[in-house]
Amino acid sequence: MARRFQTTVRRRVTSAYSVHGSELSPNLKHVKLYTNECFPCRSNEIDQLLNLFKSKEEPYPCSVYVYGGPSTGKSSIIKHVLKNLKINYVMINIIECYTSKNLYEIILNKFSGLHVYPLNGQPYTKCENLMEFTYQLKKISSIINLNGSVLVIDKVDELRDMDLNLLNALLKLKELTGISLCVVFVSEILFEKYVSRSNVCEPIKIYFPQYTKEQLLEIMKKDYNQAQHLIVNNFQKPIHFDLTFYHNYLNVFLSVFFRACKDLAELKHMSKVNFIKYCDPINQNENTINDSVTLWRNMAPLLKSSLETLYLRVLIKNSAKSVEIQSKEFLFSKEKLAQSLELPYYAKFLLIAAYLASYNPVKDDKRLFMKFHEKSKKSIKDVKLKSKVSEHYNTQLGPKMFSFDRLLAIFYAILDKKVGFNNNLLVQVSSLVELQFLITISDNCSLDGQKYKCNINFEFVNTISKMLGFNIRKYLSDFSHM
Amino acid sequence: MSTPSSDVQKIRCYLKNQLINNTQFIGHDREKKQIFDLLKRTITHGESNSALLIGPRGAGKTTLVNNVLQELKDLKYFDSDAILVELHGLVHTDDRMALKSATTQMNLDNAVDGKVFGTFAENLAFLLACLRTGEKHTSKSIIFIIEEFDLFCNHHNQTLLYNLFDVSQSAQAPICVLGITCRLDVIELLEKRVKSRFSHRQFFLFPGQEDENKSNLDLYLEKIEYYLKLPGSLKISAASKKAWNSNLEDIMNEKKFKNILQRIIDIDLSVHTLKNILIRIVVTLNENRSSLSIEQFQEQLNILEKDETVQVLQDLTCLELCLIIAIKHHMEIYDTQPNFEMILTRYTKFANANSNMQITQRNVVMKAFEHIEKLELISKISGNKTQKEYQPFSLLVTPQQISEAIKKSHGLPTEVVQWANSSFA
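Residues numbered from 1 in each chain as written. Chains lettered and ligands numbered in written order. Predicted model: local features only at pLDDT ≥ 70, side-chain atom pairs only at ≥ 80, totals over all residues. Heavy atoms only, no water.

S.K.: I'd love a proper account of the overall build of chain B, names of residues and values included.
M.R.: If you tally the helices and strands in chain B, you get 22 helices and seven strands. Radius of gyration (C-alpha) of chain B: 30 Å, far over the 22 Å computed for a compact globule of 425 residues. Reported as C-alpha extents along the three principal axes, the dimensions of chain B are approximately 90 × 70 × 40 Å. Counting across all 425 residues of chain B, residues that qualify as buried make up 53%. Within chain B, contacts between residues at least 6 apart in sequence are counted, and of these 73% link residues at least 24 apart. Counting every atom, chain B has about 19,700 Å² of accessible surface; 47% of that belongs to carbon and sulfur. (Helix = DSSP H or I, 4+ residues; strand = E, 2+ residues; numbered from the N terminus. Rg over C-alpha atoms; globule rule 2.2 N^0.38 Å. Buried < 20%, exposed > 50% of the residue type's maximum accessible area, 1.4 Å probe, protein only. Contact = heavy atoms within 4.5 Å. Areas by Shrake-Rupley, 256 points an atom, 1.4 Å probe, with all protein chains shown as cover.)

S.K.: Now, about the pattern of salt bridges: what can you tell me, with residues and values included?
M.R.: In total, this model carries 27 salt bridges over all chains according to the counting rule given. With a shortest N-O distance of 3.5 Å, Lys101(A) and Glu105(A) are connected by a salt bridge. On the criterion of helical spacing, the pair formed by Lys101(A) and Glu105(A) is a turn pair, its members being four residues apart in helix 5 (residues 100-112). We classify Glu105(A) as buried; its relative accessible area is 8%. Between Arg30(B) and Glu31(B) there is a salt bridge, and its shortest N-O distance comes to 3.8 Å. (Salt bridge = Lys/Arg side-chain N within 4 Å of Asp/Glu carboxyl O.)

S.K.: Describe the confidence of the model for chain B, and please don't skip the residues or the numbers.
M.R.: Of all residues in chain B, 95% attain a pLDDT of 70 or more, and the chain-wide mean is 86. For this predicted complex, the interface score ipTM comes out at 0.90, alongside a pTM of 0.86. (pLDDT = per-residue confidence, 0-100.)

S.K.: Could you give an account of the environment of Thr345(B), with specific residues and numbers?
M.R.: Here Thr345(B) is to be found in helix 19 (residues 340-353). In this structure the side chain of Thr345(B) is engaged in a polar contact, spanning 2.6 Å, whose partner is the backbone oxygen of Glu341(B). (Polar contact = N/O pair within 3.5 Å; in protein donor to acceptor, adjacent residues only side chain to side chain.)

S.K.: Can you break down the interface of chain B and chain A residue by residue, with the values?
M.R.: Listed as interface residues are 64 residues of chain B and, on the opposing side, 70 residues of chain A. Summed over both partners, the interface of chain B with chain A comes to about 5,700 Å²; 53% of that surface belongs to carbon and sulfur atoms. On the surface where chain B and chain A come into contact, there are six salt bridges. Glu58(A) serves as the salt-bridge partner of Lys16(B), at 3.0 Å between the closest nitrogen and oxygen. For the pair chain B and chain A, the interface holds 20 residue pairs in polar contact (both at pLDDT 80 or more). For the side of chain B that touches chain A, the secondary-structure elements that each account for two or more residues are helix 1 (5-21), helix 5 (95-105), helix 15 (271-282), helix 17 (308-314), helix 18 (318-334), helix 19 and helix 20 (362-374) of chain B. The element contributing the most residues to the side of chain B that touches chain A is helix 1 of chain B, with seven residues. Of the residues in the side of chain B that touches chain A, the class split is 22 nonpolar, 26 polar and 16 charged. (Buried area = accessible area lost by both parts, 1.4 Å probe. Nonpolar A, V, L, I, M, F, W, Y, C, P; charged D, E, K, R; others polar.)

S.K.: I'd like a rundown of the packing of aromatic side chains, residues and numbers included.
M.R.: Residue and element names in this part refer to chain A. Taken as a whole and judged by the stated rule, the model has 41 aromatic pairs over all chains. Here the aromatic rings of Phe 253 and Phe 257 are separated by 4.5 Å at their centres, their planes lie at 25°, and the arrangement is stacked. Here the residue Phe 253 and the residue Phe 257 both occupy positions in helix 11 (residues 243-257), the gap between them amounting to four residues, near one helical turn. One exposure class covers both Phe 253 and Phe 257, and it is buried. Ring geometry for Tyr 345 against Phe 349: centres 5.3 Å apart, planes inclined by 70°, an arrangement best described as edge-to-face. Residue Tyr 345 and its partner Phe 349 are located together in helix 16 (residues 345-359), separated by four residues, close to a single helical turn. Given a relative accessible area of 38%, Tyr 345 falls into the partly exposed group. (Phe/Tyr/Trp six-rings, centres within 6.5 Å; stacked < 30°, edge-to-face > 60°.)

S.K.: Break down helix 13 (residues 238-253) of chain B for me, with residues and values.
M.R.: Residues and elements named next belong to chain B. Helix length check: helix 13, at 16 residues, gives a terminal C-alpha distance of 22 Å against a target of 22 Å (1.5 Å per residue), a fit within 8%. By the burial criterion, the buried members of helix 13 are Ser 240, Lys 241, Ala 243, Trp 244, Asn 245, Asn 247, Leu 248, Ile 251 and Met 252. In this fold, the buried residues of helix 13 make contact with helix 1, helix 12 (216-228), helix 14 (255-267) and helix 16 (294-305). (Expected span 1.5 Å × (residues − 1).)

S.K.: Got a sec to walk through the sheet that holds strand 1 (residues 49-54) of chain B? Specific residues and values, please.
M.R.: All names here are of chain B. Taking strand neighbours across the sheet as the criterion, the five strands line up as 2-3-4-1-5 in an open arrangement whose pairing is parallel. Lying at the two open borders of the sheet, with one neighbouring strand each, are strand 2 (82-88) and strand 5 (202-204). Going from strand to strand, the sheet's axes swing by 15° on average, the running direction of each strand aside. When strand 1 meets strand 4 (residues 175-181), the two strands line up parallel, connected through six bridges. Along strand 4, the bridge assignment pairs Ala 51 with Leu 178. Contacts from helix 5 reach strand 2 and strand 3 (141-147) within the one sheet, and its direction differs from that of strand 2 by about 150°. (Pairing = 2+ DSSP bridges. Axes fitted to C-alpha atoms, helices over the stretch in contact; angles between N-to-C directions.)

S.K.: Describe unusual backbone geometry, listing the residues and the values that go with them.
M.R.: Residue and element names in this part refer to chain A. Residues other than glycine seldom take positive phi values, yet Cys 41 does so here, at roughly 65°. Residue position: Cys 41 is located in the loop between helix 2 (28-38) and helix 3 (43-53). What makes Cys 41 partly exposed here is its relative accessible area of 22%. Even without a glycine there, the phi angle at Ser 71 is positive, about 45°. For Ser 71, a relative accessible area of 27% corresponds to the partly exposed category.

S.K.: Explain the pairing of strand 3 (residues 150-154) of chain A to me, and be specific about the residues and the numbers.
M.R.: All names here are of chain A. In terms of burial, strand 3 is largely enclosed, as five of its five residues are buried. Across five bridges, strand 2 (residues 89-93) lies against strand 3 in parallel orientation. Each residue of the ladder has a partner; that of Tyr 89, found in strand 3, is Val 150. Here strand 3 runs beside strand 4 (residues 182-187); their pairing, made up of five bridges, is parallel. Note on strand 4: the bridge partner recorded for Asp 154 is Val 186.

S.K.: Which residues make up the domain arrangement of chain B, and what are the values?
M.R.: Structurally, chain B comprises domain 1 (5-20 + 211-305), domain 2 (29-204) and domain 3 (310-421). Taking only C-alpha atoms into account, the centre of domain 1 of chain B sits 43 Å from that of domain 3 of chain B. (Domains from an automatic or database assignment.)

S.K.: How would you sum up the UniProt feature "domain: ORC5 lid" (unreviewed entry) in chain A? Please name residues and give values.
M.R.: According to UniProt, the "domain: ORC5 lid" (unreviewed entry) feature falls on residues 246-312 of chain A. Helix makes up 72% of residues 246-312 of chain A and strand 0%. Its end C-alpha atoms lie 25 Å apart. (UniProt positions renumbered as here; feature names shortened; annotations may be inferred.)

S.K.: Describe in detail the pairing of strand 4 of chain A, supporting the description with residues and values.
M.R.: All names here are of chain A. Most of strand 4 sits inside the fold, with six of its six residues counted as buried. On strand 4, burial covers both faces: Cys 182, Val 184 and Val 186 on one face and Val 183, Phe 185 and Ser 187 on the other are all buried. Where strand 1 (residues 63-68) lies against strand 4, five bridges are found, and the strand directions are parallel. Its bridge partner being in strand 4, Ser 63 is matched across the sheet by Val 183.

S.K.: Got a sec to walk through the nonpolar core? Specific residues and values, please.
M.R.: The nonpolar side chains of a soluble globular protein tend to be buried with one another. Ranked by size, the top nonpolar core spans 123 residues in total, and within it Phe275(A) and Tyr347(B) carry the most contacts. Core analysis: the next-biggest nonpolar cluster, separate from the first, contains 63 residues, Leu49(A), Ile11(B), Leu228(B) and Leu274(B) among them. (Core = buried A, V, L, I, M, F, W, Y, C linked by side-chain atoms within 4.5 Å.)

S.K.: Hey, could you go over the packing of helix 5 of chain A against helix 6 (residues 130-143) of chain A for me, with residue numbers and the actual values?
M.R.: Residue and element names in this part refer to chain A. Here helix 5 crosses helix 6 at 0°, and the two axes come no closer than 10 Å. Here helix 5 lies roughly parallel to helix 6, going by the angle between them. On helix 6, the residues that touch Tyr 104, Ile 107, Leu 108, Phe 111 and Ser 112 of helix 5 are Leu 130, Phe 133, Gln 136, Leu 137 and Ile 140. Tallied by class, the residues present in the contact of helix 5 with helix 6 amount to eight nonpolar, two polar and no charged. (Parallel < 35°, antiparallel > 145°, perpendicular 65-115°, else oblique.)

S.K.: Before we move on, could you go through the confidence of the model for chain A and cite the residues and values that matter?
M.R.: Residue and element names in this part refer to chain A. Per-chain confidence: chain A averages 80 in pLDDT, with 80% of residues scoring 70 or above. Across residues 10-24 the pLDDT falls below 50, and counting only partners more than four positions away or on other chains, this stretch makes nine contacts in the model. The low-confidence segment residues 316-323 (pLDDT under 50) makes eleven contacts with residues lying over four places distant or belonging to another chain.

See the structure below:
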C-alpha cells in the first residue's frame, strides 16, 4: 500500500510541476496591485503579508498569527496572496476537524494531494497522533519537497478544545519536523487568550483592524453592478440609477446601521434587503429618482424597523411591503409558539404555578395566595425592601428553585376548581420537565425532595395565562416595572 | 547613495536566512562547555549521567544542545561509540510511543519484532542489552535528549523517566539522559522514586546573566551585530556592503537607539523576541528602502508596548461598546457579576434617555452581547447552570483599557463618551 501511495503522489507531483513550470514566476508588483484591487482598504495588511512571503528563495518565518474581527478579509486575503504568489499551500478550517486525528489526516492528504474517492478509499493516509503526523510529513516531504510550503489554519481558537499542547506543537512544527514549513494561524481573538505568555514562542503577528465607516462605504460602492441586477430582477419596470444615487443610499443606510454593526458580510446582506425598499417609491411612481430628501424620509422608519432584525436573517419575500409585516411576525413568533402549544388544561396551570414559584420569594406566598391572610405590618425591613434597586429584582436574577410541595400548593391556590391529587397530575409535571419548561435541579434518585426551576420567560407565561383568562400580574411581587 | 535592487535582495535573503535558519548558538560558553563535557564523558568513558537544562522559552536551549551535538558528531568516534535518541514531549505523548520511537532510533526494530514483553522495564532492558557487547567500555553509549521534559512527567507513573534514571544509576549500560525544559519547578513534578534516582545536576540558561562584566544592553547589541552584520563572504558589491555595515554601526552607536533597545530589554530579554523584531524589520527592505533606520526600531517598540485589548475594544461597534460600559458600571456600583438581563436594563435606561441611540431591540442586543463574549472580552462564570439571560458574566478588560479605547476611537456619540466616564446616565 505504501508503494502505491508513493507512486500516486509522484504522479500528482509531476502533473503539478508541469502546471507550475509552464508559468513564469509571479510578478510581485502585479500581485500587489491585483490584491489591492480585489481587497480595497487593506493595503497595509497586504503589504505585511507580501513582505513575509514575497520571495520563494528567502525563508519564511516559522509561524505567523493573523487576527482581527469577523469579515475583515483575513482568510480570503491570505488565500489570495498565497495563490497568486504560486506558493504551495494548504488551507484548513478547524471547524471541519472535530478530532485531532481528523486534523492530521486532512493536512497530510491535502499536502500529498490525495482525495477520498467514494468507491475506493485508497490511497488515503491514516494518522492517529502527532508522532505519526511528523513522520508522515517527513515522508511526504521526501517525495514532494515541502520546504517553503505554507499551512494555513483557520479558526485556531477551536484548537483549545482539542488535544493539550496541540497549538504548541503546531507553533513549533518546523522544529519538530525539520521541514521549513510556515504555519499561518487565523483567528478572531488575541494571541494572549491561548496560553500564558511565558509558556509559548510568540509568532509574528499581523492585525486586521475593522473597517471604518468611510472604508465600508467605499467597499460597498463596488456592489453597484449587483444592485442594478437586483433592481432588474425585482421590478418589472427597470430603474436607471447612477453611482451617486447608490452612494446616497449607502450613506443613509450606514448612518443607521454602522452603530450596531461593523460586520461587512452582514451589512452587505442588509443593504441588499433595504435597497429594494428604498427604490420602491420610484417603482410606484410616487417619487422621482432625484428626490433624495423624500426618499430618505420614506426610508428612515423602514431602516429603523429593519435594524431590529439585524443578524436575525428573517426570511424576506420579494414584495417590499410584506417585509415589515414579516419581520414583525418573526419577532412575535415566540408568542405564537406559546399559543400553538397544546398543553393540557392542568399542565398550563402547573406551568403558571411553577413560574410563580420561581419568581416570587417564599415569604410572599402567604400574602399572595391565601384568602384571609393577616394584614401585614409594615416594618422598617419592609420599607427597606421596597426601595431595593432594580438590579435585585427577581426578573433580573433569574428563576429560583422551588420544591415540589410548593409547586402543588401554589397550583391548588390559583386553581378555582377542586381537583384530586392523582397520578395524572404527577405525569404532567414530568412531561413539563421533558419539554424543558421545568428543569430538575436535584438528582433523580431522591423521590421526595425533588427541586425544580422554571425555564420560560415572562412573555411566554403571560400568553398562556391570557389564554386561560388568568391574571398573572396580580400574583407577581416584583413585576410592577414590566 | 543607493544600493542596487539585486544587492538589496541578496542582503535581505542573507539576513532572513541568518535570522530564521540560523542554528549557531551564541553566548553561554560555560554551560555549553559543561554539557559538551558531560556528553563526551558518556561517550568516551562510558559514564552514566543524568542532567536537566532549564531556561525560559526562546532562550536557545534547543539550539545550544543541537550545537553541542553537532560538535560531538564531528568527533570521529561518535558514530561507532554512541547512539543518539531524541524524544520530544509534544510528539511522544505517551511512554509507549516514546519507546517505539526510541527503538526505531536505536535501529532495533528487527530485534524487537515479534517479541512480547511483560513490562515496560523489560522492554527497555532488552533494548539496552542488545547494545551491550560485553564489557563496559566496549559497549555503545546512548544519549537520550528529552525535550519538553516536563510533559513526560505527566505520563502514567512516569515509567519512562523512572526506567531511564534507574539505568543511569545502576551502571547497566552507559546512558546519558539530558532533559530540556522551561519549567523551573520541574524537580517538584518528579515522583519521589524518580527524584531519588536523578543526579540533580541542573544547568540554567537565563538570558542576560551570561557575563558579569558586560551589561545586558551590550550583550544585546552584540547579538544584533551578529545577526545583521554582513560578512565578507557574501557575494555583493563591496560598496553596498560597506554602506550597509557602516549604516548599521552608525545606528548602533546612537544614544536614541540604545534607549529603544533598553526599553525592549526591560520588556522581554529572550532571543526569540529579538529575532521576531529583526525579522519584521528585515522583511520590509526593498528597492526604495535599502537601509535600516531608528524609526523602524521605534515602530517595533511601539508594537511591543501596545495593548492589543485596547485595539480590539476600538474595533467594537458603538452598541457593543455601550454594553461593555454598562457591565463596567454595574461592577463598579454593586461589585457583583451582572447577567444579560441586568445589562440590558441598564443599557435600555441609557438608550431611552438619549434619543440618539436607536437600538433597543432585545434580540439585536443579545447578538451584540454574544459577539463580545465570542471575542472573550467577557466570560461566563462557570458552575452556574441557568438560562442564557441569567448567566452571570465577568468582565475581562480593565476600566483603564475601556477609557483608553474610548479616548482613541473616533466618531462615538458624545453621550457614550460621557456615559463611559460617569455612571450617571
